Every structure is written in C-alpha cells, then in structure tokens.
Amino acid sequence: MKKLLPIILAAAFALPAHAAAIAQLKAFVAGSKTLSASFSQVVSAKGKREEASGQLEISRPGKFRWEYAKPYEQLIVGDSKRLWIYDKELAQVTSKSLDAALGSSPAALLAGSNAIERDYHLKEAGAQDGIEWLSAAPKKSENTFQSIRMGFRANTLVTMELHDSFGNTTLIRFADMKKNPVLAPSRFTFTPPKGVDVISD
Amino acid sequence: MSRWLALGLCGLLLTGCATRDVAFRPQAEATRPRDTPFSISGRLSVKADGKGQVANFDWNHDAVRDQLSINSPIGSTVARVERDENGVTLQADGKTYQAADVESLTQEALGWPLPLSNLAWWIRGQAAPDWPQNVSADGVLHQQGWSIRFVSDADQPGPYPKRVEMERDRLSIRLVVHAWR
C-alpha cells in the first residue's frame, strides 16, 4: 500500500478530473493494483434485451473474478494461467488456456496491465454527461468485438459498451467501485467442486 | 436453522451446494404434441472426446424457422445457425457455411453434430414425434442414436426440464434454459 500511494497521488494530481479518456484509462490502470465493483450488463439486439448482474474483482497483472449472480449463477475466474468457468445449473466446469479466452469477459481485458493498449487502437470519443469516452478498435480482426467504448469519470471506469459483428450491443455499468481493496489470493484460484464434471481444451 | 444457514451460504458462495436434481416427468399428452413457437435463452456445454466448451445461447424456433446464436458470457455472438425452407446456414469467424441440414453443417463447421430439429422437442422434455423412441426404466429417452436425460429441480418443478443431458458415442451436450418467452 505504501508503494502504491505515491502512484495514486501522482495520478490524481497530474490529471484533472476532466482529463481526456485515454489519460484517464492510464491513470485508472496505474492507480488500481486491485479492484472490486458490482456490475450490471444489458445485451441488446434486434428483438432482444437480456439483463444480468454480478460482482467483479481484479488483481493486476492478469487475475480476475467475474461472477454472475442474476439471472443465473456463473463464476468466471482467471488465475493468470487458466480461465475457469463454473456454471452451477449446468453442473459443469470448463478450463481453458487464458490466451484463448480474452474475449470471454471484460475482466480479462481490464486485468491486464497493458492489454487494452497492446491489442486495441485507442481514440478519444468525446464527453457526454460528465463522462469522457474512448473508443477501442481491435488490432486483429478475429477479435469477437468490432468495437469497444469505455467511459471514465474522475479517473475511474464507469461504463463499457461492446459491439460485435452480429449486431449485439453489450452495455456494462460499474458501481461501488473500490480501488486497491485487500483481496484474498483465494478469490483468484478455482478448485472444481466434488462431483462436478470438468472439461478442458 | 442450520438448513437456512446452508441456504444462505449457498447463495453467497456459489460453490459446492448442489440443488436437488430429480428426473423431469413430462405431462402426458393424449394427442400428438403441437410444435408451438418458442424463444429461449440458456447455456450449453459440449464435450467431445474429453475436450469441450461452455457457451450461452439464444434460440428462436417455429415450425419452419430456427435461429440459434451461440454467445460468449457477455453476450457477443460467436456463431449463428439459421434454418428455413431453403436450407441451413452457419456463420462463424467471418465465414458462412451452407448445407441441407443442421447436423451435417455443425459436423463440418464445429466438428460435432447438433441434432437441432429433434432438440426442439427434447428441450421441452418431449420425445420427437415421427422418430422411433424408447424410454428406459430410469427415465432416459433413447432416440436418433442419442440418450437424453431430463432433469428437474425438486424444489422448483416447472413445465419444462431445468437441464437436458444428451449423450451419444464420445459426445455429450448439456443445456440449461434460464428464460422462456
């Protein structure tokens, strides 16, 4: 924590709250070694609207926990080597290499130290209602998302908008975001429960 | 008291607390079942030769048309199967595949056959009409080379199974529906 404080202070003083979005993204990543938040997710397309919500935890670099509570329970854990998905009602655990899994959750993207800048072309996308937006276009075309927009306020990520090539828009809103909370290492490991089938790639 | 505590912990912890699974009992139908249109969202897992994956899906079905989208947990579509009177197309990885039926198309594009037309009945906990069938003593339906087990939640029985488990050769598919519309 002592080590982090100067970084956080530097980030906070170097950038006024209304700084452009790319600068806010950098300050946000540099200023949060760990992160916790709740999220709500709305997926919409022609004739479709699906809502979900849950909890997010991140420990940089590369560890994350993305947990859906509603409308079904599904736990996604990235332990920096493998991605685990546990779906309770399916009674199924899936484990795959994390490299292949970046598109599976925004948490994977956010947990990296520079994954967003490495894999996406970033562009300022203006301000609206006190939120500074950036748009991110994937450098590789096989990415499942055509474009991502991220909205920041006071050097904190408040919302993400993801568009895919099939016309789906996923809107994610973060709330109760805490920077640098103490998170137990066990939050970022996964042991399959007894009696649950495990498949891997 | 301890039961309530256990329930509370299940809600908080997600791990280790299984719901009480029982066999789904379809309502007896005196007449031939009707192919009512449905629109559902759920999750599925596929295991072929020990390897596999899990995905979300949306499925719009009526007697002449199907649209099945395979999605990531955050809602982006990875593959889409569409069936109408002209045949079947599958879009994935920027490519479009075409075939006469869903089984051969998914076999070609995904490496495993998805029996979509009969699954439209199985997902509702029914045997497909017009196909030979037999049901073993443990309630497992045998049809089209598949063994299909319908699972219900003992505490929340519904008009449809909570989970459908299908097995055939070295392939198994599980589906859970979380929204019927």
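Residues numbered from 1 in each chain as written. Chains lettered and ligands numbered in written order. Predicted model: local features only at pLDDT ≥ 70, side-chain atom pairs only at ≥ 80, totals over all residues. Heavy atoms only, no water.

Caption draft 1: Representation of the interface of chain A and chain B. Contacts between the two partners involve 38 residues from chain A, matched on the other side by 36 residues from chain B. Between chain A and chain B the total buried area reaches about 3100 Å² when both faces are included, carbon and sulfur atoms providing 56% of it. In this structure, the connection of chain A to chain B is made through 4 salt bridges. Among the salt bridges present, the one from B:Arg43 reaches A:Glu89, with a minimum N-O distance of 3.0 Å. Linking chain A with chain B are 16 residue pairs in polar contact (both at pLDDT 80 or more), by the criterion used here. Elements supplying a minimum of two residues to the side of chain A that touches chain B: strand E1 (34-45), strand E2 (48-59), strand E3 (63-70), strand E4 (74-79), strand E5 (82-87), strand E6 (92-97), strand E10 (156-164) and strand E12 (197-200) of chain A. Looking at the side of chain A that touches chain B residue by residue, the class counts come to 17 nonpolar, 11 polar and 10 charged. (Contact = heavy atoms within 4.5 Å. Buried area = accessible area lost by both parts, 1.4 Å probe. Salt bridge = Lys/Arg side-chain N within 4 Å of Asp/Glu carboxyl O. Polar contact = N/O pair within 3.5 Å; in protein donor to acceptor, adjacent residues only side chain to side chain. Helix = DSSP H or I, 4+ residues; strand = E, 2+ residues; numbered from the N terminus. Nonpolar A, V, L, I, M, F, W, Y, C, P; charged D, E, K, R; others polar.)

Caption draft 2: Layout of the packing of aromatic side chains. Per the counting criterion, the structure on display carries 11 aromatic pairs over all chains. Taking the centre distance of 3.9 Å and the plane angle of 5 degrees together, the rings of A:Phe39 and A:Trp66 count as stacked. Note that A:Phe39 is positioned in strand E1 and A:Trp66 in strand E3, a separation of 27 residues in sequence. In this structure, A:Phe39 and A:Trp66 share a single accessibility class: buried. Measuring from centroid to centroid gives 6.2 Å for A:Tyr68 and A:Tyr72, while their planes differ by 40 degrees, and the two rings are tilted. Taken as a pair, A:Tyr68 and A:Tyr72 share a single burial class, namely buried. Pairwise contacts between aromatic rings join A:Phe39, A:Trp66, A:Tyr68 and A:Tyr72 into one cluster. Here the guanidinium or amino end of A:Arg149 rests over the ring plane of A:Trp133, the centre of that ring lying 4.3 Å away. B:Arg43 extends its terminal NZ or CZ atom over the ring of A:Tyr72, reaching a point 3.9 Å from the ring centre. (Phe/Tyr/Trp six-rings, centres within 6.5 Å; stacked < 30°, edge-to-face > 60°. Buried < 20%, exposed > 50% of the residue type's maximum accessible area, 1.4 Å probe, protein only. Lys NZ or Arg CZ within 6 Å of the ring centre and 35° of its normal.)

Caption draft 3: Structural detail: the side chain of A:Glu161. All names here are of chain A. Mapped onto the elements of the fold, Glu161 is located in strand E10. Side chain to side chain, Glu161 and His163 meet in a polar contact 3.1 Å long. For Glu161, the residues in contact, after removing those within four places along its chain, are Trp133, Ser147, Ile148, Arg149, Thr169, Thr170 and Leu171.

Caption draft 4: Structural context of the pattern of salt bridges. Counted according to the given criterion, the structure contains 19 salt bridges over all chains. We note a salt bridge from A:Lys26 to A:Glu117, for which the minimum N-O separation is 3.9 Å. Of this pair, A:Lys26 sits in helix H2 (residues 21-30) while A:Glu117 sits in helix H4 (residues 115-119); the two residues are 91 residues apart in sequence, bridging distant segments of the chain. A salt bridge links B:Arg163 to B:Asp21; the nearest nitrogen and oxygen atoms lie 3.0 Å apart. Note that B:Arg163 is positioned in strand E11 (residues 163-168) and B:Asp21 in strand E1 (residues 21-23), a separation of 142 residues in sequence. With a relative accessible area of 36%, B:Asp21 lands in the partly exposed category. Taken together, the shared-partner salt bridges connect B:Asp21, B:Arg149, B:Lys162, B:Arg163 and B:Glu165 into one network.

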